[in-house]
Amino acid sequence: ITVQKEAESEFIRKNHFLSFAERITKMGNWQWDLTTNNVIWSSNLYNIFGVDKNSKITFDTYFGLVHPEDKDRVTKHIEISFENKKFKELTHRIQLIDSTVKTVQLLAEIITDNLGNSIEVIGSCQDITKQKMEENKFRGLLESAPDAMVIVNEKGKIQLINKQAENLFGYRFDELF
């Protein structure tokens, strides 16, 4: 009994730690059982989406909160993910019931059975609204600079350029890849 109590205590402690980590990173996790269509959200995911914790969650709960302008892109992303059995990172907006708009980033993994059928999707969702606002502010500053500016990563790969650089070099940002 002592070993069992210690294991239960450790489990509770780790769950508290995970909940704390999710709150400070504005992240939540979720599971979607494709065979039963049952969806489970972590407590912080309810906070991110502004949904009452006593609500029954389904895929439609999530999709109903996807920003109207992003619904087609999200639908296509999910379809491609199931075709490829691989879920690539997805960033999109959500619109809460109170009309608040947030930007979220989803990471997920599709679980298959022995026959290769998709049976479950597990993932995380992070509220990146603040980071997106800062990024947009930075892009605004970059665009307002009078000089051509090119930002590269540590490997020398171009990450951002402003309109002045596009005009100077004669290439659009999307043509540089």
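Above this text is the structure in question.
No experiment lies behind these values; they were computed from the predicted model shown.

A word on the overall build of the protein
Part 1 of the reasoning: Looking only at helices and strands, the protein features 6 helices and 7 strands.
Part 2 of the reasoning: The order of helices and strands in the protein, counted from the N terminus, is α-β-β-α-α-α-β-β-β-α-β-β-α.
Part 3 of the reasoning: In terms of C-alpha radius of gyration, the protein reaches 21 Å, well past the compact-globule figure of 16 Å for 177 residues.
Part 4 of the reasoning: Seen along its three principal axes, the alpha-carbon backbone of the protein occupies a region of about 70 × 40 × 35 Å.
Part 5 of the reasoning: Here the protein, with 177 residues, has 28% of them falling under the buried criterion.
Part 6 of the reasoning: Split by element, the accessible area of the protein, about 12100 Å² in all, is 55% carbon and sulfur.
Part 7 of the reasoning: Taken together, the 23 basic and 26 acidic charged side chains of the protein have centroids lying 3 Å from each other.

Concerning the sheet that holds strand β3 (residues 90-95)
Part 1 of the reasoning: Pairing within the open sheet is antiparallel, and its 5 strands lie in the order β2-β1-β5-β4-β3. Unpaired on one side and paired on the other, β2 (38-41) and β3 mark the two borders of the sheet. Across the sheet, the axes of successive neighbouring strands diverge by a mean angle of 25 degrees, strand direction being ignored.
Part 2 of the reasoning: Sitting on the sheet, helix α4 (residues 71-84) is in contact with β1 (27-33), β3, β4 (101-112) and β5 (118-127), with an inclination near 140 degrees to β3.
Part 3 of the reasoning: Helix α5 (residues 129-144) rests against β3, β4 and β5 of the sheet, and its axis sits at about 120 degrees to β4.

Re α4
Part 1 of the reasoning: Look at α4: 20 Å from first C-alpha to last across 14 residues, which is about the 20 Å you get at 1.5 Å a residue.
Part 2 of the reasoning: Those residues of α4 lying buried are Val 74, His 77, Ile 78 and Ser 81. Across the axial projection of α4, the buried residues extend over an arc of 95 degrees, all falling on one side. Across from the buried face of α4, at angles greater than 90 degrees, the exposed residues are Asp 72, Lys 76 and Glu 83.
Part 3 of the reasoning: Looking at the buried residues of α4, the elements they touch are α3 (59-65), β3 and β4.
Part 4 of the reasoning: Positioned one or two residues after α4, Lys 85 has a phi angle of 60 degrees, which is positive.

Parameters and conventions
- Residues numbered from 1 in each chain as written.
- Predicted model: local features only at pLDDT ≥ 70, side-chain atom pairs only at ≥ 80, totals over all residues.
- Heavy atoms only, no water.
- Helix = DSSP H or I, 4+ residues; strand = E, 2+ residues; numbered from the N terminus.
- Rg over C-alpha atoms; globule rule 2.2 N^0.38 Å.
- Buried < 20%, exposed > 50% of the residue type's maximum accessible area, 1.4 Å probe, protein only.
- Areas by Shrake-Rupley, 256 points an atom, 1.4 Å probe, with all protein chains shown as cover.
- Lys, Arg positive; Asp, Glu negative; His and termini not counted.
- Charge placed at Lys NZ, Arg CZ, Asp CG, Glu CD.
- Pairing = 2+ DSSP bridges.
- Axes fitted to C-alpha atoms, helices over the stretch in contact; angles between N-to-C directions.
- Contact = heavy atoms within 4.5 Å.
- Expected span 1.5 Å × (residues − 1).
- Arc of directions from axis to C-beta.

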